[in-house]
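Architecture and fold: a report
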Amino acid sequence: MQNHPVSETRERGGETRGSAHPLTRTVAFMNQKGGVGKTTTVVNLAHAVCEQGRRVLVVDLDPQAHATLHLGVDPESVEWSVYDLLLDPPVAGSDRVLKVREEGTGVVGLVPAVTDQAAAEHELADEADRMGRLARFIDGVKHEYEFIFFDCPPSLGLLTLNGLACAKEVIVPMQAHFLALQGVGKLLETVQLVGQGVNDQLRVSGVVLCMHDEQTRHAREVVDDLKTFFKESRGLDVPWSGARVYDPPVRRNIKLAEAPSFGETIFEYAKWCPGAQDYRAVAKSFVDEWDALLARRSQTVESKPDAAAAPATSEPVA
Ligand SMILES: Nc1ncnc2c1ncn2[C@@H]1O[C@H](COP(=O)(O)OP(=O)(O)OP(=O)(O)O)[C@@H](O)[C@H]1O
Ligand SMILES: [Mg+2]
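These lines cover the structure that appears in this document, whether it is placed above or below.

1. Focus: the pairing of strand 7 (residues 203-209)
Strand residues, when the strand is regular, have side chains that alternate between the two faces of the sheet. Judged by how many residues are buried, strand 7 sits mostly within the fold: seven of seven residues are covered. With six bridges connecting them, strand 6 (residues 169-174) and strand 7 associate as parallel partners. Paired with E169 across the two strands is R203, which belongs to strand 7. Taking the sense of rotation as the criterion, the β-α-β connection linking strand 6, helix 8 (residues 178-197) and strand 7 turns out right-handed. Two elements, strand 7 and strand 8 (residues 244-245), share two bridges in a ladder whose sense is parallel. Along strand 8, the bridge assignment pairs G206 with R244. The β-α-β motif built from strand 7, the intervening helix 9 (residues 217-233) and the parallel element strand 8 has right-handed crossover chirality.

So, in structure tokens, the structure goes:
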């Protein structure tokens, strides 16, 4: 059997030894709508995944620098930011990453944002390789992380496009409202267009429901519609043919809104509140789904070595 190093280290007792991750799950958390829970999801999911002993890199693409602040880093004090990486991508990049959390073998690394990052959109406007700047940096560091999360701004500018150029997956944080559902249809089409132009491997893995009010009939109806839509997309030649609604929905919980002002994740601020329980559970399904995919890939390599390079279209390509 041909083990890749990730599954090999798991077999030795669930710990990731060393820092070699030849397969990395790169996910852009994206929704052009503002205030839907992108940053809250990126930061808390990253810490929950780290608590499982995994190595996660958070890349804060948003000039608002909310993920940076939420992780307790002052954007005014950082030496390197996404802005520097875009303007002058370094050859070797691990010294550009801040280690912001550590739990046993788990790590959260951060490439912080600075507020004048928005200027990069204009400064790079005439550069031929402007969409691929971040990818050069990510290529140099991704072997050190099993997961890379991009916190996208609520717009489809150059910063988001750089994230989409290096991600293999898009996860859409959203609220279960009728108008938000309409917006997701447009968002999926946008991902498809971006995929055709910038990154044809890009897939939509699913939706994380944020600030969920499960008591309301309206929210339940919207979730049912969303699930039906994804079910009907199975087998179609679209980037969301493998998408799903992650379980459980993240309930509206005031602790999640309070934690950022202390520069703490929910697991530091109120580790047993409903918000922490929900993000822990989402992290478990997210990691389990990845482990299952890796296990399927190892079996494919074992039985059909040539098929390893051709995963199913609905699966993210590591
Ligand atoms: N489950 C929740 N319960 C209560 N408040 C929440 C929850 N999720 C997020 N919030 C709060 O909602 C607001 C918007 O969330 P967040 O900043 O994560 O959204 P965003 O999509 O990243 O926004 P932007 O588009 O501006 O980047 C924040 O004040 C956040 O603390
Ligand atoms: Mg945000």
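Still more ground to cover, so stick around.
2. Overview of helix 9
Compared with the 24 Å implied by 1.5 Å per residue over 17 residues, the 24 Å span of helix 9 between its first and last C-alpha is a close match. G235, located one to two residues past helix 9, shows a positive phi value of around 85°.

Definitions and cut-offs
- Residues numbered from 1 in each chain as written.
- Chains lettered and ligands numbered in written order.
- Predicted model: local features only at pLDDT ≥ 70, side-chain atom pairs only at ≥ 80, totals over all residues.
- Buried ≥ 20, exposed ≤ 12 C-beta atoms within 10 Å, placed from the backbone.
- Helix = DSSP H or I, 4+ residues; strand = E, 2+ residues; numbered from the N terminus.
- Pairing = 2+ DSSP bridges.
- Right-handed = clockwise from strand over helix to strand, strands pointing away.
- Expected span 1.5 Å × (residues − 1).

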